[in-house]
Amino acid sequence: MNYQPNVAADPASTGKSGLSGAIDRLFEVTRSGSTIRTEIIAALTTFLAASYVIVVNPAILQNAGIPFSGGVTATVLVSFIGSCAMGLYARSPILVAPGMGINALFAYTMVMGAKVPLEIALGCVFWAGVLFTILAILNLRTAVIEAVPKDLRYGIACGIGLFIALIGLENAKFIVASPDTIVALTQFTPVTLTFIAGFIITAALVVRRIPGAMMTGMIITTVLAIPIGRLWGDGSAFAGGTPDVQTLVNWSGLFAAPDFSFVGRIDLLGALQVAYAPFIFVFLFTNFVEALSTFLGLAEAANLKDESGMPRNIKESMHVDAVAALISAPLGTSPATVYLESGAGIAQGGRTGLVAFIAGLLFLPFLFLSPLLSLVPTIATAPVLILTGLFMSAPMGQINWADMEDAIPAFLAIVLIPLTFSITLGLSLAIIAFVMMKLALGKVSEVKPVMWFVAVLAAMLVMQVQ
């Protein structure tokens, strides 16, 4: 499902000379049924939906000992290089940036919990990236995608959609934790009502198929949030541990110099000790599964597939994803991966690598301008994530619910990805269920050899996190 109208080929761009014509030919914009204007709007939407990583990733890495300013520099550089490469080489509209979740694994579990020295931890990230790159060169991930049954692919897309929506609802603090019911609806406050107003406005713009609806919705919601903490309401719950800050939209300056002090601070030999092998495996498999599921989910939801039904340019996309993960540690951050928030731009009609390329370029100024990101509160990006979840859930109707042996693993992917709050764990459990289902039914021949291999790795990962 695409919320934007089907964009006809722009006659003006066919055979056009000059810069716009060159861009159109380079990224095959018209051939993909899009326009340069649509791609730019999609890129801005994707960037705004994912720009939180510039601040949030360094804040998490800071707990591991990486200076916040150094984390910002690493995050921006990895996102810029990875996304631009995804656009230029893979011709895919999917953003690349340091992965959320795996950065917490790096900081809290490995460095703080297991007391692994920071430089060695970065070394583990690097060696996982090396293995990741080898798997990409050998096209093993492509073989895994080909082995995943169609209904499970649909289930992965829907599960990711629900996960994105849950993240949006949690970011807006509309859904909160509850000791009695696990989760519950929050108490309505001026902040909650502002989020609801922003969601209704954004949804209305989307339904009316207004170009740039999601980006416009984010801007309007940000404006609506300016009075919070100034004229009414209290936004301290969104202040990231700074309760004395009651405003949601905050000016924290314009300029911040880049910090390259942590570039190259990595212990490659120390990370090769046997004791650190489990961490390398966890980084490798987590990145493998998250990238795999994101590619599958976005391709199914937006029909970004080639003639054979595979995700478009999947081999090249895997190469870029692997190299981005490889360069992350030397630059001073946890592994990069493809981003779910790319679905926001795709929902705006983005179809080509021009989306990822422009989004990557938009990261670069924030080597110097990172304080500006504090102007966009999470309640402004939350409506976009929720509507992206709707977009991602469209393939649910294509699952063959009458065929229970395939429907059960697909259903498990749908519910376990959001409920475990982990794409990796949810998908791992769904893959294990698929293989076990075929084994119990005596249909072992229907399981491709690579799926047995992935199921074993999935079981090892599940046991590792217990």
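Provided above is the structure to which this section pertains.
The sections below set out a description of the structure shown in this document. (Residues numbered from 1 in each chain as written. Predicted model: local features only at pLDDT ≥ 70, side-chain atom pairs only at ≥ 80, totals over all residues. Heavy atoms only, no water.)

This part takes up the overall build of the chain. Counting its regular elements, the chain contains 19 helices and 4 strands. Computed over its C-alpha atoms, the radius of gyration of the chain comes to 22 Å, within 12% of the 23 Å expected for a compact globule of 466 residues. Each principal axis of the C-alpha atoms in the chain carries an extent, and together these give about 65 × 55 × 55 Å. Here the chain holds 466 residues, and the buried ones make up 54% of them. Sequence separation of 24 or more characterises 78% of the internal contacts of the chain that already satisfy a separation of 6 or more. When the accessible surface of the chain is totalled, it reaches about 18600 Å², and 68% of it is carbon and sulfur. Side chains of the chain carry 21 positive and 24 negative charges; the gap between the two charge centres is 6 Å. (Helix = DSSP H or I, 4+ residues; strand = E, 2+ residues; numbered from the N terminus. Rg over C-alpha atoms; globule rule 2.2 N^0.38 Å. Buried < 20%, exposed > 50% of the residue type's maximum accessible area, 1.4 Å probe, protein only. Contact = heavy atoms within 4.5 Å. Areas by Shrake-Rupley, 256 points an atom, 1.4 Å probe, with all protein chains shown as cover. Lys, Arg positive; Asp, Glu negative; His and termini not counted. Charge placed at Lys NZ, Arg CZ, Asp CG, Glu CD.)

Quick look at the environment of E28 now. Note on placement: E28 falls in the loop between α1 (18-27) and α2 (36-50). Owing to a relative accessible area of 36%, E28 belongs among the partly exposed residues under this scheme. In this structure, the C-alpha to C-alpha distance between E28 and V323, residues 295 residues apart in sequence, is 24 Å. The residues contacting E28, other than those within four sequence positions of it, are I23 and T352. At a separation of 3.2 Å, a polar atom in the side chain of E28 contacts the side chain of R31. (Polar contact = N/O pair within 3.5 Å; in protein donor to acceptor, adjacent residues only side chain to side chain.)

On the surface, a nonpolar cluster with roughly 350 Å² of combined accessible area is contributed by L162, M396, W401 and F411. Relative to the assigned elements, F411 resides in helix α17 (residues 404-419). Residue class for F411 comes out partly exposed when judged on its relative accessible area of 44%. (Patch = residues over 30% accessible without salt bridge, like charges linked within 9 Å, V, L, I, M, F, W, Y side chains within 5 Å. Salt bridge = Lys/Arg side-chain N within 4 Å of Asp/Glu carboxyl O.)

For the coordinates displayed, the defined rule picks out 6 salt bridges. Residues K438 and D406 are paired through a salt bridge, measuring 3.5 Å at the closest nitrogen-oxygen approach. Remark: D406 occurs in helix α17 and K438 occurs in helix α18 (residues 423-440); sequence separation between them is 32 residues. The same class applies to K438 as to D406, namely buried. One continuous salt-bridge network, built from bridges that share partners, spans E405, D406, K438, K443 and E446.

A few words on the packing of aromatic side chains. Using the criterion set out here, one finds 10 aromatic pairs in the structure. Taking the centre distance of 5.0 Å and the plane angle of 90 degrees together, the rings of F163 and F421 count as edge-to-face. Of the two residues, F163 sits in helix α8 (residues 150-171) while F421 sits in the loop between α17 and α18, which places them 258 residues apart along the sequence. Seen in terms of ring centroids, F174 and F195 are 5.5 Å apart; in terms of plane orientation they differ by 50 degrees. Their pairing is tilted. A residue pair is termed long-range when its members are at least 10 positions apart, and F174 in the loop between α8 and β2 (175-178) and F195 in helix α9 (residues 190-207) qualify at 21 residues. Each member of the pair, F174 as well as F195, is classed as buried. Put simply, the rings of F174, F188, F195 and F199 touch in pairs and so form one group of aromatic residues. Taking NZ or CZ as reference, K173 lies 5.1 Å from the ring centre of F238, over its face. (Phe/Tyr/Trp six-rings, centres within 6.5 Å; stacked < 30°, edge-to-face > 60°. Lys NZ or Arg CZ within 6 Å of the ring centre and 35° of its normal.)

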